[in-house]
Amino acid sequence: MKPHVAVYDTKPYDRVSLLSAPQADAIDWSFHSFRLEEATATSATGAIAACIFVNDQADRESITQLAECGVKHIALRCAGYNNVDVEAAAELGVQITRVPSYSPHAVAEHTLALLLTLNRRIHRAFNRVRELNFSLNGLVGFDLHGKTAGVVGTGRTGALVAQILRGFGMHVLAYDPMPNPEWAARHDIHYTELKDVFGEADVLSLHVPLLPETKHIVNEESLAWMKRGAILLNVSRGALVETTALIQALKSGALGGVALDVYEEEEGIFFEDLSNELLQDDELARLLTFPNVLITSHQAFLTREALAEIARVTTENVVNLSQGQRPLPGTELAPS
Ligand code: NAD
């Protein structure tokens, strides 16, 4: 019998990519558009695996429900796993897998798309020209060449972003508690203290996982270290940035611009069409009023290549685990 998988928070592109994966026909799929949470977990009855994404809640309560329904495996279609109680899963005998690296290029390239758009005011120019407003007032950017970029986290995506920024002729400073000196020397990238990276960057980009020690790494104190007029980029996780402090830094003019692909309270907002609703999140509403704030809805991963890789790893792991085999190397999460 084919293993039955309940897929949560499914969008049309997830369905297409999962059903196109090499082993898709070996699986009996149930696609749900709603998210996994305690109240929805019983929908997994009969499934051996639950397949979830960044805003599903795999907390102790949800995992307990899933385990009671017979679920043995939670397959994350993403790299970050801050929404999963890994210890609870281990206690309840539920294996967790993720896709640690599907396309760091997709994420890095989106980071650069945000930076170039924000700095050269392409988002404003696009709208203006469509209104036949060909004025350039307010569209002055700055040359990236010769400026300093700060990269916080030099793992898969941070390293690529740093290399691309070097290609623009920027000086690149980096901070990572697990530095990679050989890589840095090869690309003329310099590790330094976090405070110096914040303090010297004209463009500061975050590429760290959301952990207790990285939560609100951008806060009132660290924003005060930054140069006046600097640009902040966050494509990693929303809660790395304290939104209230960010809004203050924007209102005072201290920050030159902010581009976000993630937002602290994105759950229930990002990925959804709310164009006929009244936005209830006042901080997001305020952020959207700044001309120098650019927000995309957690789309940095969204390339054909990344979706295909996510689908390949997810389906292989579901099939392997359902046959009592090991998951693909490096994809299994265990309690720390
Ligand atoms: P990675 O694991 O390859 O790299 C993370 C790096 O952060 C590591 O080098 C680690 O040593 C470093 N780090 C850990 N704690 C740190 C700290 N306190 N200060 C500075 N650096 C620290 O991860 P990655 O693939 O580069 O992805 C980074 C994050 O981006 C993921 O955790 C995920 O949350 C997010 N992400 C977002 C999207 C999106 O679509 N927006 C897609 C993929 C990943």
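The rules behind these values
Residues numbered from 1 in each chain as written. Predicted model: local features only at pLDDT ≥ 70, side-chain atom pairs only at ≥ 80, totals over all residues. Heavy atoms only, no water. Helix = DSSP H or I, 4+ residues; strand = E, 2+ residues; numbered from the N terminus. Expected span 1.5 Å × (residues − 1). Buried < 20%, exposed > 50% of the residue type's maximum accessible area, 1.4 Å probe, protein only. Near = heavy atom within 4 Å. Polar contact = N/O pair within 3.5 Å; in protein donor to acceptor, adjacent residues only side chain to side chain. Nonpolar A, V, L, I, M, F, W, Y, C, P; charged D, E, K, R; others polar. Contact = heavy atoms within 4.5 Å. Core = buried A, V, L, I, M, F, W, Y, C linked by side-chain atoms within 4.5 Å. Domains from an automatic or database assignment. Buried area = accessible area lost by both parts, 1.4 Å probe. Salt bridge = Lys/Arg side-chain N within 4 Å of Asp/Glu carboxyl O. Axes fitted to C-alpha atoms, helices over the stretch in contact; angles between N-to-C directions. Parallel < 35°, antiparallel > 145°, perpendicular 65-115°, else oblique. Left-handed = near helix turned anticlockwise from the far one by under 90°. Pairing = 2+ DSSP bridges. Arc of directions from axis to C-beta.

**Observations regarding helix α4 (residues 104-119)**
Turning to step 1, where the next piece is worked out: Between the first and last C-alpha of α4 there are 23 Å, a value that for 16 residues agrees with the 22 Å anticipated at 1.5 Å per step.
Turning to step 2, where the next piece is worked out: Taken as a whole, α4 has its buried residues at Pro104, Ala106, Val107, Ala108, His110, Thr111, Leu112, Leu114, Leu115, Leu118 and Asn119.

**Re the site of the ligand**
Turning to step 1, where the next piece is worked out: Not every one of the 24 residues close to the ligand is listed here, only the nearest: Arg156, Thr157, Asp176, Val235 and Asp261.
Turning to step 2, where the next piece is worked out: Backbone polar atom of Arg156 to an oxygen atom of the ligand: 2.9 Å apart, as the coordinates give it.
Turning to step 3, where the next piece is worked out: At a separation of 3.1 Å, an oxygen atom of the ligand approaches a polar backbone atom of Phe301.
Turning to step 4, where the next piece is worked out: The residue inventory of the shell around the ligand, partitioned by class, reads twelve nonpolar, eight polar and four charged.

**With respect to the side chain of Thr157**
Turning to step 1, where the next piece is worked out: Mapped onto the fold, Thr157 is located in helix α6 (residues 156-167).
Turning to step 2, where the next piece is worked out: Among residues more than four places away in sequence, those in contact with Thr157 are Pro104, Val107, Ala108 and His207.

**Observations regarding the nonpolar core**
Within soluble globular proteins, side chains that are nonpolar generally end up buried alongside one another.
Turning to step 1, where the next piece is worked out: Counting 66 residues, the largest nonpolar core has Leu66, Ile74, Val152, Leu232, Leu246 and Leu287 as the members making the most contacts within it.
Turning to step 2, where the next piece is worked out: No other element matches helix α10 (residues 243-251), which puts five residues into this core.
Turning to step 3, where the next piece is worked out: Two domains share this core, each providing at least three of its residues, namely domain 1 (4-102 + 303-333) and domain 2 (104-295).
Turning to step 4, where the next piece is worked out: If we ignore the near neighbours within four places in the chain, the residues touching Val152 are Tyr175, Leu194, Val197, Phe198, Leu204, Ser205, Leu206, His207, Val208 and Ile217.
Turning to step 5, where the next piece is worked out: Membership of the second largest hydrophobic core comes to 27 residues, among which are Ala108, Leu118, Leu160 and Leu294.

**Some points on the domain arrangement of the protein chain**
Turning to step 1, where the next piece is worked out: On domain assignment, one finds that the protein chain holds domain 1 (4-102 + 303-333) and domain 2 (104-295).
Turning to step 2, where the next piece is worked out: Averaged C-alpha coordinates put domain 1 and domain 2 at centres separated by 30 Å.
Turning to step 3, where the next piece is worked out: With both chains or domains summed, domain 1 and domain 2 bury close to 1,100 Å², and 48% of this area falls on carbon and sulfur atoms.
Turning to step 4, where the next piece is worked out: Three residues stand out in domain 1 for area buried against domain 2, namely Arg35, Asn55 and Asn82, and they jointly supply 38% of the buried area on that side.
Turning to step 5, where the next piece is worked out: Counting across the domain 1 and domain 2 interface gives two salt bridges.

**Some remarks on the packing of helix α1 (residues 12-19) against helix α12 (residues 304-322)**
Turning to step 1, where the next piece is worked out: Two numbers describe how α1 lies on α12: the axes approach to 8 Å, and their chain directions differ by 60 degrees. The orientation of α1 with respect to α12, classified from their angle, is oblique. When the axes of α1 and α12 are compared, the crossing they make is right-handed. Facing α1, whose interface residues are Tyr13, Ser17 and Leu18, α12 presents Leu307, Ala311, Thr314 and Thr315.
Turning to step 2, where the next piece is worked out: Broken down by class, the residue content of the contact of α1 with α12 amounts to four nonpolar, three polar and no charged.

**Things to note about the sheet that holds strand β5 (residues 95-97)**
What holds strands together in a sheet is hydrogen bonding between their backbones, with the strands either parallel or antiparallel.
Turning to step 1, where the next piece is worked out: Pairing within the open sheet is mixed, and its six strands lie in the order β2-β1-β3-β4-β5-β13. Whereas interior strands pair on both sides, the edge strands pair on one side only; in this sheet they are β2 (28-31) and β13 (332-333).
Turning to step 2, where the next piece is worked out: Where strand β1 (residues 4-7) meets β2, four bridges bridge the pair, whose relative direction is parallel. Bridge pairing links Ala6 to Ser30 in β2.
Turning to step 3, where the next piece is worked out: Running over the sheet, α12 touches β1, β2, β3 (49-52), β4 (73-76) and β5 and is turned about 170 degrees from β4.

**Some details on α1**
Turning to step 1, where the next piece is worked out: Listed as buried for α1 are Asp14, Ser17 and Leu18. Angular distribution of buried residues about the axis of α1 spans 100 degrees; they occupy a single face of the element. Opposite its buried face, α1 presents the exposed residues Pro12 and Val16, each directed more than 90 degrees away.
Turning to step 2, where the next piece is worked out: Along its buried surface, α1 packs onto β1, β2 and α12.

**Points about the environment of Tyr263**
Turning to step 1, where the next piece is worked out: Tracing the backbone shows Tyr263 in the loop between β11 (255-260) and α11 (282-287).
Turning to step 2, where the next piece is worked out: As a C-alpha pair, Tyr263 and Pro212 span 51 residues in sequence and 17 Å in three-dimensional space.
Turning to step 3, where the next piece is worked out: With sequence-adjacent residues up to four places away left out, Tyr263 is seen in contact with Gly238, Thr243, Phe270, Asp281, Glu283, Leu284 and Leu287.

**Considerations on the pairing of strand β10 (residues 230-234)**
Sheet faces and side chains relate simply in a regular strand, where the side chains alternate between the two faces.
Turning to step 1, where the next piece is worked out: Most of β10 is tucked away: five of the five residues are buried.
Turning to step 2, where the next piece is worked out: Residues of β10 alternate between two faces, with Ala230, Leu232 and Asn234 on one and Ile231 and Leu233 on the opposite face, all of them buried.
Turning to step 3, where the next piece is worked out: Relative to β10, strand β9 (residues 203-206) runs parallel, the two being bridged by four bridges. Residue pairing across strands places Val203 opposite Ile231, the latter belonging to β10.
Turning to step 4, where the next piece is worked out: Inspection of the sheet shows β10 paired to β11 by five bridges, in the parallel sense. Note on β11: the bridge partner recorded for Leu233 is Ala259.

**A short note on the environment of His105**
Turning to step 1, where the next piece is worked out: Mapped onto the secondary structure, His105 falls in helix α4.
Turning to step 2, where the next piece is worked out: Note on His105: relative accessible area 44%, which makes it partly exposed.
Turning to step 3, where the next piece is worked out: Taking the C-alpha atoms as reference, His105 lies 8.7 Å from Arg156; in sequence the two are 51 residues apart.

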